[in-house]
Amino acid sequence: MECYFDNAATTAVRPEVLEEMLPYFTESFGNPSSVYKIAQKNKNAIENAREQVAKAINAGVNEIYFTGSGSEADNWAIKGIAESYASKGKHIITSAIEHHAVLHTCEYLETKGYEVTYLPVDEDGLVSLEDLKKAIRKDTILISIMFANNEIGTIEPIAEIGKIARENDVLFHTDAVQAVGHINIDVKEMNIDLLSMSGHKFNGPKGVGALYVRKGIKLNPFIHGGAQERRKRAGTENVPAIVGMGKAIELAVNELESEVPRLTSLRDKLINGILEKIPYSRLNGHKTNRLPGNANISFEYIEGEGILLLLDYKGILASSGSACTSGSLDPSHVLLAIGLPHEKAHGSVRFSMGHFNTEEQVDYILKELPPIIERLRMMSPLYEEVLKSKGE
């Protein structure tokens with residue numbers, strides 16, 4: 001059995017989405033900026049997708065700008081606001097557990113004379129609202145806090161953060177790449193000024209994202225050279241991908257009422273089963289205030305990379321809470337930020353579920369994972385010391 005449990009990394013394109021995209025690769029291939037019918041059909045398709053994305057987060061159609069990815073949307077939001085509002089101030093607030101698309105952008109701005117405050121989080125990964133209030137200064141121009149964490153799944157108090165930002169006349173951006181299509185989002189109700197999303201996180205295609213920018217906000221163009229995206233992002237539009245993203249977000253939001261409880265049930269069954277069957281394991285992130293499909297578990301005395309390799313042999317595809325799989329020996333900055341020591345952070349695995357996952361697959365993981373953990377621990381000198389101390 002093959003079990004794909006890495007939906008936080010990317011998702012499979014749904015058949016309905018692919019079907020919607022296909023005509024725009026072949027017969028309807030025109031450049032949307034041209035004047036003839038085939039081009040205007042494509043322009044209309046883009047605007048239809050814009051409406052679908054706007055409706056999904058309760059935004060205005062003209063507040064949605066298509067991008068090439070969620071990372072691009074993050075970069076544009078933060079750099080664009082920094083440039084557009086530099087005369088007001090050069091102070092930005094973010095959190096210690098943001099995606100690197102936000103952290104590295106903030107670090108870049110620090111080299112350009114901006115000051116950045118990195119808020120700590122508690123053991124569940126939550127930002128303190130009191131810390132946020134204390135961090136706001138007269139020259140603060142932007143607060144950027146992610147909607148839900150990509151590693152541990154914790155959902156931040158976005159509506160409260162938005163309220164604080166609005167009361168202090170500070171713009172609020174949220175990286176909602178992991179949240180859009182998975183939980184309810186209302187940018188108006190939550191006082192969100194800018195929001196980033198990515199199509200391939202909710203069963204749409206890769207290579208397309210979007211940035212919501214509340215009407216009235218000044219945002220410098222990200223790419224110069226053409227009139228596309230209301231002169232804010234030049235470049236011929238990726239019509240098939242934009243169409244696919246629109247269809248995917250429509251499907252995802254329409255199914256939230258049934259998918260959220262289904263995935264939450266699968267998530268809790270997996271978490272509870274692992275914690276019951278495997279000693280010296282712990283859940284990372286908030287127990288209940290987390291994404292429906294996210295289960296991040298640390299296993300003491302072993303490393304996540306070894307677990308992943310043996311899981312892959314059994315047809316179970318997941319990801320590590322450690323960055324070692326990307327060529328770094330450093331553990332995840334998120335796991336360190338919530339207080340995990342290096343050795344525990346290195347032994348973390350993230351199982352992320354989505355549209356195509358089933359209870360049968362969860363049962364399969366609960367059957368195959370315990371012997372894998374036991375096998376690796378039997379090769380661990382650290383675990384051997386634990387057994388000796390217990391007289392086993």
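Here, every reference points to the structure presented above.
Residues numbered from 1 in each chain as written. Predicted model: local features only at pLDDT ≥ 70, side-chain atom pairs only at ≥ 80, totals over all residues. Heavy atoms only, no water.

1. Overview of the overall build of the chain
Within the chain one finds 14 helices and 13 strands. Considering only C-alpha atoms, the chain reaches an extent of 80 × 55 × 35 Å along its principal axes. For the chain, with 392 residues in total, the buried portion stands at 57%. Sequence-distant contacts, at least 24 apart, represent 71% of the contacts inside the chain between residues at least 6 apart. Of the accessible surface of the chain, which amounts to about 17,100 Å², a share of 52% is contributed by carbon and sulfur atoms. If the 42 positive side-chain charges of the chain are averaged to one point and the 53 negative ones to another, these points end up 5 Å apart. (Helix = DSSP H or I, 4+ residues; strand = E, 2+ residues; numbered from the N terminus. Buried < 20%, exposed > 50% of the residue type's maximum accessible area, 1.4 Å probe, protein only. Contact = heavy atoms within 4.5 Å. Areas by Shrake-Rupley, 256 points an atom, 1.4 Å probe, with all protein chains shown as cover. Lys, Arg positive; Asp, Glu negative; His and termini not counted. Charge placed at Lys NZ, Arg CZ, Asp CG, Glu CD.)

2. A look at the environment of Glu 16
Counting through the fold element by element, Glu 16 comes out in helix 1 (residues 15-21). Assessed through its relative accessible area of 30%, Glu 16 is described here as partly exposed. Aside from chain neighbours lying at most four places away, what touches Glu 16 is Lys 247 and Leu 251. There is a polar contact of 2.9 Å between the side chain of Glu 16 and the side chain of Arg 14. (Polar contact = N/O pair within 3.5 Å; in protein donor to acceptor, adjacent residues only side chain to side chain.)

3. Topic: the packing of aromatic side chains
One pass over the structure, following the stated rule, counts three aromatic pairs. Ring plane angle 70° and centroid distance 5.6 Å describe the contact between Tyr 65 and Trp 76, whose orientation is recorded as edge-to-face. One end of the pair, Tyr 65, is in strand 2 (residues 64-67); the other, Trp 76, is in helix 3 (residues 70-84), and 11 residues separate them in sequence. Taking relative accessible area as the criterion, Tyr 65 reaches 11% and is therefore assigned buried. An aromatic cluster is defined as three or more aromatic residues linked by ring pairs; in this entry it consists of Tyr 65, Trp 76 and Phe 222. The ring of Tyr 108 is capped by Lys 79, whose NZ or CZ atom sits 4.9 Å from the centre of that ring. Looking at Arg 230, its charged tip hangs above the ring of Tyr 65, at a distance of 4.0 Å from the centre. (Phe/Tyr/Trp six-rings, centres within 6.5 Å; stacked < 30°, edge-to-face > 60°. Lys NZ or Arg CZ within 6 Å of the ring centre and 35° of its normal.)

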